[in-house]
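Reading the structure
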Amino acid sequence: MDDKRFTVLDLLDLDLKEHDALDLRCIGGRKGLGREINGPDINRPGLALSGFFESFAFQRIQLIGRGEAAYLRLRASEGKSAEVDKIFSYPVPCFIFANSEAPEPAFAAAAEAADCPLLLSDLSSTEMASRLMRVLATIFAPKTSAHGVLVEVYGIGILLTGDSGVGKSETALELIERGHRLVADDVVEIRCVSGNILMGSGANKVIGHHMEIRGLGIINVTHLFGVGAIRDKKQVQLICKLEEWDATKVYDRIGTEENTDDILGVKVPRLDIPVKPGRNIPIIVETAAMNERLKKMGYYSAREFNQNILRWLESESARAVYFGRNESI
Amino acid sequence: MVEITTVIKNRAGIHARPAAMIVQTAGKFKSRIFLEKGGDRINAKSIMGIITLGAGYETQIKIIADGEDEADAAAAVERLFQTRFEED
């Protein structure tokens, strides 16, 4: 959806499930479905409906709840429509009526004349507002795409990266075979939600959960391994960069160093894993995932190991003092 | 770095077969090769990436090559677009 306008039609088209479902349907102003929504904010147009148009946030989605609907009914029964006419002189993206309270015929006619879409939903206005905010925040979140495979290993989202042909897909396949899950192959779309969470998913639903394996061609992971082997999205928590074994490069041998990669301003820990025939990469990735979980629990294998060594050396030298005395006696 | 802008001329757009042709051609060169559609840029050496672009008939595609054999690489990939991937 890069560089593409997000329109009211796109909002209606969103495939949202369960607690995200908006249950929207269009009840009027269809000609305006191409209107653009250009921000994640919503507006309750109470003030505008009562005639106060200063700082009216017309560029936002307008959400009408019970109060606004009742007021509109009252004004319609009094035969007054000045505010309604004025509100439609603004290029409002769309009106959403919550609680299944359809607007008065006069309001609907005015919307039709102004080509402004009217949407209706069963949800209460508060629930609608919070769901809309959540959905729009994801849509308007900063995003990027990464070349690699995103897999979930022991609950940790791992992005396998590296040059073409280094064996990312093969590693992922072995991980899936071992019971881990594929999120996306090759093109991973990453969105930064809530400021510091990187959510990775496949770029395209149609080709989602397919993989290209050299020599086999394109395979459907869902059909081959079952739905247990896939998931739609997962937070990117670790990057494993596979690279050809380079004899001149110094690889981390202890693991106390921490390399990070910057994705959309969020730092993600990165491991550089050298690939050489005979090295079992999937088991290394599995171990990295488990080690990452330990770190999240506050246990750093390498650091702890080193502290134990330091403690041991200290006690050894302390013992040496006594041994030294014993010898002198 | 070499950039060539081209348009997809075969009716079916870039489906699996054309994507495979691009990947095979791109794979012969050492340069890093990318295709760009709108704001999306993907690696031309990855089949799934190219298919993900969802590039249909008359879509504008920018071919970007970067490396020692960049001119040849970009030209070779562009030739595929010009010859309509041997389709139609």
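These numbers come from a predicted model, not from an experiment.

With that settled, consider the overall build of chain B. Helix and strand counts for chain B come out as three helices and four strands. Put simply, chain B runs from its N terminus to its C terminus through helices and strands in the order β-α-β-β-α-β-α. For 88 residues, the compact-globule estimate of 2.2 N^0.38 gives 12 Å, and the C-alpha radius of gyration of chain B, at 11 Å, lies within 12% of that figure. With respect to the principal axes defined by its C-alpha atoms, chain B has extents near 35 × 25 × 20 Å.

It is worth spelling out the overall build of chain A at this point. Each helix and strand counted, chain A has ten helices and 17 strands in total. In terms of its C-alpha atoms, chain A occupies a principal-axis envelope of roughly 110 × 60 × 30 Å. Of all intrachain contacts in chain A linking residues separated by at least 6 positions in sequence, the fraction that spans at least 24 positions is 69%. Accessible area for chain A stands at about 17800 Å²; split by element, carbon and sulfur atoms hold 52% of it. Averaging the coordinates of the 40 positive side-chain charges in chain A and doing the same for the 46 negative ones gives two points 2 Å apart.

On the chain B side, the residues contacting the 16 residues of chain A number 13 residues. Roughly 1100 Å² is buried in total at the junction of chain A and chain B, and carbon and sulfur atoms are behind 62% of that figure. The three residues of chain A that bury the most area against chain B are A:Val187, A:Ile207 and A:Glu212, which together make up 34% of that side's buried surface. Where chain A meets chain B, there are two residue pairs in polar contact (both at pLDDT 80 or more). Elements with a contribution of two residues or more to the side of chain A that touches chain B: strand 6 (143-147) and strand 12 (210-213) of chain A. Sorting elements by how many residues they give to the side of chain A that touches chain B places strand 12 of chain A first, with three residues. Broken down by class, the residue content of the side of chain A that touches chain B amounts to five nonpolar, five polar and six charged.

Before going further, it helps to examine the sheet that holds strand 11 (residues 197-202) of chain A. Residues and elements named next belong to chain A. One open sheet accounts for four strands, arranged 6-10-11-14; its pairing is antiparallel. Each edge of the open sheet carries a strand with a single partner, namely strand 6 and strand 14 (233-235). Taken pair by pair, the neighbouring strands of this sheet meet at an average axis angle of 30 degrees, ignoring direction. As paired strands, strand 6 and strand 10 (residues 187-193) are joined by five bridges and run antiparallel to one another. Bridge pairing in strand 10 places histidine 147 opposite valine 187.

Looking now at the nonpolar core. Residues and elements named next belong to chain B. Judged by nonpolar contacts, the single largest core of 31 residues is most densely connected at Ile14, Ile22, Ile33, Leu35, Ile50 and Phe81. Looking at this core, the elements that each hand over two or more residues are helix 1 (16-27), strand 2 (32-37), helix 2 (47-52), strand 4 (60-66) and helix 3 (70-82). Top contributing element to this core by residue count: helix 3, with six residues. When sequence neighbours within four positions are dropped, the list of residues in contact with leucine 35 reads Ile22, Asp40, Arg41, Ile42, Ala44, Ile50, Leu53, Ile61, Lys62, Ile63 and Val77.

This next bit is on the domain arrangement of chain A. In terms of domains, chain A is made up of domain 1 (8-139) and domain 2 (143-298). Each of domain 1 of chain A and domain 2 of chain A has a C-alpha centre, and these two points are 42 Å apart.

The next subject is the side chain of B:Glu36. Assignment of secondary structure puts B:Glu36 in strand 2. The contacts of B:Glu36, once residues within four sequence positions are left out, are B:Arg41, B:Gln60, B:Ile61, B:Lys62 and B:Ile64.

Parameters at a glance
The numbers attached to residues start from 1 for each chain and follow its sequence in the written order. Chains carry letters and ligands carry numbers; both start at the beginning, A for chains and 1 for ligands, and go up in the order they are written. Residue-level local features of this predicted model are given only where pLDDT is at least 70; pairs of side-chain atoms are given and counted only at 80 or more, and the full residue set underlies all totals for whole chains, interfaces and linings. Based on all heavy atoms of the structure, the side-chain values leave hydrogens and waters out of the count. Secondary structure is summarised from DSSP: a helix means a run of H or I of at least four residues, a strand means a run of E of at least two, and numbering begins at the N terminus for each. For a compact globule the rule gives 2.2 Å times the number of residues to the power 0.38, and the radius of gyration it is set against comes from C-alpha atoms. The contact rule is simple, with two residues in contact once any of their heavy atoms fall within 4.5 Å. Using a 1.4 Å probe, accessible areas were evaluated by the Shrake-Rupley method; residue-level cover was limited to the displayed protein chains. None of His or the chain ends enter the tally, which takes Lys and Arg as positive and Asp and Glu as negative. The location of each charge is read from NZ of Lys, CZ of Arg, CG of Asp or CD of Glu. By buried area we mean the combined loss of accessible area, with a 1.4 Å probe, across both parts when two parts are placed together. We call two N or O atoms a polar contact when they sit within 3.5 Å, provided that within protein one can donate a hydrogen and the other can accept it, with sequence-adjacent residues counted only if both atoms are side-chain atoms. Ten residue types, Ala, Val, Leu, Ile, Met, Phe, Trp, Tyr, Cys and Pro, are classed as nonpolar, four, Asp, Glu, Lys and Arg, as charged, and the remainder, Gly among them, as polar. Here a strand pair is declared whenever DSSP counts at least two bridges between the two strands. Interaxial angles span 0 to 180 degrees and are taken between N-to-C directions of axes, which are lines fitted to C-alpha atoms, for helices over the stretch in contact. In this text, buried Ala, Val, Leu, Ile, Met, Phe, Trp, Tyr and Cys residues form a nonpolar core when linked through side-chain atoms within 4.5 Å. Whether a residue is buried, partly exposed or exposed follows from its accessible area with a 1.4 Å probe, protein chains only, as a fraction of its type maximum: under 20%, in between, or over 50%, in that order. Residue ranges for the domains originate in an automatic or database domain assignment.

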